Amino acid sequence: MWCYRGGSISAEPRINDRIRVPEVRLVGPSGEQVGIVPLAKALELAQEYDLDLVEVAANARPPVCKLMDYGKFKYESAMKAREARKNQAHTVIKEMKLRPKIDPHDYDTKKGHVVRFLKQGDKVKITIMFRGREQSRPELGYRLLQRLANDVEDLGFVESNPKQDGRNMIMVLGPHKKKTEAMAEAREAQAARKADAKANPGKSQNAAENEADAEVEVEVEVEVETPAEAPAEA
């Protein structure tokens, strides 16, 4: 009865003295084809170039080996894999639940979350929850979904039209901006904040927060004064 008692199988290629074949098809350090040579000759050339002999195609007959700096190769491969994971975009669907007779303040809060999700490049599933007699008024939910879609049309589009699902009505919004673009912009904004903090070390976090609050207050004042000016112009 066969029984495996060894350790875990390594996924790394065999290099130098670990290669156990009489001859190999050798590839030079610049990718040039050297041809089929005895293993001893290939190891001798590796020493001359101060490089490693790395088996890159073990299943070929004879195996294909290349002269390279294996340590540098592993480092560059790890960096590429890390960068690929960093830029990898996962499709995420956020969900936001509303009631058909939602309060205006609550609507603005929920809409703010939807805006943030779309800016991040995520899809948003909007669910209108009907209770009791509200189930006989599906048009309320439909109008609310249409209103929300219109309010965020500059950031997203209706990917799945409103449809009834039991006691709920569901609509899916898709972002205009791709997830990878949103991630890149977020990294750029973070880098800009770090650069600003480094250039202005004396600026405290509280000062920055107060400055942001002041900007919000100015915007609110402008919005309040605008309706009062309209009758004077008329």
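Below or above, wherever it landed, is the structure these notes cover. Owing to the predicted nature of the structure, the values given are computational and were not obtained by experimental measurement.

1. Quick notes on the side chain of E55
Along the chain, the position of E55 falls in strand 3 (residues 52-57). A distance of 2.8 Å separates the side chain of E55 from the side chain of R14, its partner in a polar contact. Those residues within four positions of E55 in sequence are excluded, and the remaining contacts are P13, R14, I19, P63, V64 and C65.

2. What to know about the sheet that holds strand 5 (residues 93-98)
A sheet is described by the order of its strands in space; here 4 strands give the open sequence 5-6-8-7, paired in mixed fashion. Of all the strands in the sheet, the pair left with one neighbour each is strand 5 and strand 7 (156-165). Ignoring strand direction, the axes of neighbouring strands in this sheet form an average angle of 20°. Alignment of strand 6 (residues 123-129) against strand 8 (residues 168-175), held across 6 bridges, turns out to be antiparallel. From the neighbouring strand, K125 faces strand 8, where its bridge partner is V172. In the packing of helix 3 (residues 104-119) onto the sheet, the strands contacted are strand 5, strand 6, strand 7 and strand 8, and the crossing angle to strand 5 comes to about 170°. Its contacts with the sheet place helix 4 (residues 138-151) against strand 5, strand 6, strand 7 and strand 8, and it is angled at close to 10° to strand 8.

3. Considerations on the pattern of salt bridges
In total, this model carries 5 salt bridges according to the counting rule given. A salt bridge links E134 to R99; the shortest N-O distance between them is 3.1 Å. With a gap of 35 residues between them, E134 in the loop between strand 6 and helix 4 and R99 in the loop between strand 5 and helix 3 connect regions that are remote in the sequence. Note that E159 and K123 form a salt bridge whose closest N and O atoms lie 3.0 Å from each other. With a gap of 36 residues between them, E159 in strand 7 and K123 in strand 6 connect regions that are remote in the sequence.

Rules used in this analysis
- Residues numbered from 1 in each chain as written.
- Predicted model: local features only at pLDDT ≥ 70, side-chain atom pairs only at ≥ 80, totals over all residues.
- Heavy atoms only, no water.
- Helix = DSSP H or I, 4+ residues; strand = E, 2+ residues; numbered from the N terminus.
- Polar contact = N/O pair within 3.5 Å; in protein donor to acceptor, adjacent residues only side chain to side chain.
- Contact = heavy atoms within 4.5 Å.
- Pairing = 2+ DSSP bridges.
- Axes fitted to C-alpha atoms, helices over the stretch in contact; angles between N-to-C directions.
- Salt bridge = Lys/Arg side-chain N within 4 Å of Asp/Glu carboxyl O.

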